[in-house]
Structure formats: structure tokens, C-alpha cells
Amino acid sequence: MSDVSADAFAAEAGATPVVVNNTTNTFNPAADSARVGNLSYSSETDSTSKFYTDEDLAKVRSQEKDKLYPQINALKEEIAALKKEREEKAAARANPGLTRGLYAIQIGLRSEGVREWNYTTNLHQGGGMGDRELLAAADLACERQVWDRCINTSERMRNLFDAELSFPMPFREEVIRRTREIDLDPAYVYGLIRQESRFVMDARSHVGAAGLMQVMPATAKWTARKIGLENFKLEQLNRHDTNIAIGTGYLKLVLDSLGGSMPLAAAAYNAGPSRARKWSQGRVLEGAIWAENVPFQETRDYVKKVLSNATLYAAIITAQPQSLSARLGMVGPQEAMSREQADIP
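Our subject in this report is the structure included herewith. The structure presented is a predicted model; accordingly, all values stated were derived computationally and were not measured.

This next bit is on the overall build of the protein. Scanning the protein from N- to C-terminus turns up 18 helices and 6 strands. Pairs at least 24 residues apart make up 54% of the contacts formed inside the protein by residues separated by at least 6 positions. If you sum the accessible surface of the protein, you get close to 20400 Å²; carbon and sulfur atoms cover 51% of it.

Right under this line is the structure:
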């Protein structure tokens, strides 16, 4: 048999020479039509020709669907949750009891408004509102800046927690600016205000303490002189800026006089500096143990709540994990007071 080139041999056989990647192959349409009909052609960027069967393509499509379905389902669930949340908030806004309660509070009838609000959330329906309803009601109260109802209502939720509703931060600009000026921890201040007044500006205790930080009249006058607040009048305590200035000024003076101990300063703010100093005498204790041994139940509870509040506010402000035990620190005997410190009411 004589030598015949591949192309010539292909031509004699009735086949068509095909060049793929500089390699000559033969292709016979008549012989291969059935096989080719079941193939799909794909040209990749490197110019390499490949054939995929329908089965291969179906497998690729199935894999892509498997990747997309979880994302689609998650998006559907998110949309459904947002729709449900909008409906719940709309129901809270349309609730006549909540509306009456907020309106009464905002026109100065606080006790009547609080009773109406509490009846609606706690007693109007058997067992009170559920968590989702309480969440929507708390959100409505915060939206209207009725902070005490916002906090108290959010605290009634059994299985849900919303940090912004439970630990709101009204007057943030003033608090942050003031605490920076006097080198005081804003989280500590917010923790104390939350416990003192629930951010009710005109709050007044049975002993006469007034405003956001519940400052006693005599203490307010003394502190105003100490911090150089001129022309101060007691009625100004209901103004949030004045109350914050005087309350933080007093807290800073007390904190410095007690060696920077937050639990001691909280106890002093509630029961008086002389009592707090007396309770610190004895051996050095962990702050948590010391707090549990404060002899006044009200002050004992107050110290624990203020420090717990402050820890959560610090986590919100810094977006970093916080330690309650670090804030409680160690508590022990204090150094002798200076004449100026002994003058603190």
C-alpha cells in the first residue's frame, strides 16, 4: 500500500478534515450525526473546543439551582418578616388603649396615661400582650419619646430582646459632650439615669429629687456653685441640659472622692457619700461581694442595677464585649477625705 497523507486518506473516505488545536482530525457527518446531535459545543477563552452532553448541562443547572435556592428562600423569609413587622407596628399605632395612654402622658397626665398604657399591655387581653405585640408597643413608645414606657414594656418580653428599646440613649449628644468635658464614662451616666428616672425629664421623687438624674434641691445648689453654673434656679432641673450638667458634675465629684470606685459612687449617689464610705471600711472585697453586703436593700439593688446598666450601655457605645466584674472592681477602705471632699452632700 502506497503512503497516503492523512488528509488525502480522509478525502478518499468521504470525511472532512477538521483542525482542532493544530491537530488534524477527521469528521464524517453521516457516520457521527447521531452522536453530534446529542452534544453541545462550548468555546472557552483558551480556544479549546469541548463537547458537553445534555446530561452534563442538566447537572450544571441543578448545581446552580442548589446554590441559589437557599439565598432565595432566605430573601423570602426576610421579606415576610419585614412585612409582619410592619403589620405589627401598624396594629400598635392603631391600638386605642396605647394611643390614649401616650396622648395622656404627652399632655401632662402622666399617672393616668401610665395606668391606661399598663392596662392595655398587661390586662386588656388574657395573659397580657405577647412578645411580638410588646415589641411593637415598645417601639411605638420610643418613637414618641416616652422612654419609660418604652423601657418597661420591652422588659416584659419573655423571649425577645431589643437593645435599642431596652437601653435607649436620649440626649446622646449632650451626654457624650458633657462626659468628655469632665472625663466621666458616658455608659456609667446612662446606666445611672436609666435607673433613676427612665429618662423622664420632669420626674420627681417623694423626697424632692428632680429631673433626669434625680438631683436633690440642696445638692443641686451646692453643685451649681462648685461647677460655676451661674444664675441657677431650681426649676431649671426639669431642663435636660441643666440636669445633666449638675448631675454629672456631682457624680464626678463623688466618684473622685471615692477613689474612682463605680459601685461606691453609685451607693453614694443613692444613700449619701458618708454612708458609702462607712460601708467600704473593713477588708478589701470584690465589688460583687461588697454590693451584696450593702445593708440598705434599696441601695444594694440600686448599685447592682446601675453597674449592670452601665456595662450594657458600654457594649452598645463601643460595640465591644464588656466585663461587669471589671466595672465592679475591688472595694475597700478609702483614704481620709480632704476638707473639700468632706463638704460633699
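On to the state of the cysteines. For the structure shown, the criterion picks out 1 disulfide. Sulfur-sulfur distance for the disulfide between Cys-142 and Cys-150 comes to 1.9 Å. Across the S-S bond of Cys-142 and Cys-150 the torsion is about -75°, and the bridge reads as left-handed. For Cys-142, a relative accessible area of 11% corresponds to the buried category.

Take the packing of aromatic side chains next. In the structure shown here, the tally under the stated rule is 6 aromatic pairs. Aromatic side chains Tyr-190 and Phe-199 sit 6.1 Å apart centroid to centroid with 50° between the ring planes, which places their arrangement in the tilted category. You can call Phe-199 buried: its relative accessible area is 3%. Put simply, the rings of Phe-167, Tyr-190, Phe-199 and Tyr-313 pair up and form one aromatic cluster. A cation sits over an aromatic face here: Arg-194 above Phe-167, 4.1 Å from the ring centre.

On to unusual backbone geometry, then. Although it is not a glycine, Phe-171 adopts a positive phi angle of roughly 55°. Within the secondary structure layout, Phe-171 lies in the loop between α8 (163–166) and α9 (172–182). One non-glycine residue with positive phi stands out, namely Ala-319, at about 55°. Mapped onto the secondary structure, Ala-319 falls in the loop between α16 (297–318) and α17 (324–328).

Moving on to the pattern of salt bridges. Taken as a whole and judged by the stated rule, the model has 15 salt bridges. For Asp-148, the salt bridge identified is with Arg-149, shortest N-O distance 3.3 Å. Judged by relative accessible area, which is 6%, Arg-149 ranks as buried. Connected through salt bridges with shared partners, the residues Glu-85, Lys-89 and Asp-139 form a single ionic network.

Conventions we followed
Residues numbered from 1 in each chain as written. Predicted model: local features only at pLDDT ≥ 70, side-chain atom pairs only at ≥ 80, totals over all residues. Heavy atoms only, no water. Helix = DSSP H or I, 4+ residues; strand = E, 2+ residues; numbered from the N terminus. Contact = heavy atoms within 4.5 Å. Areas by Shrake-Rupley, 256 points an atom, 1.4 Å probe, with all protein chains shown as cover. Disulfide = S-S within 2.5 Å. Buried < 20%, exposed > 50% of the residue type's maximum accessible area, 1.4 Å probe, protein only. Phe/Tyr/Trp six-rings, centres within 6.5 Å; stacked < 30°, edge-to-face > 60°. Lys NZ or Arg CZ within 6 Å of the ring centre and 35° of its normal. Salt bridge = Lys/Arg side-chain N within 4 Å of Asp/Glu carboxyl O.

Note that all results are geometric; they support no functional claim without further evidence.
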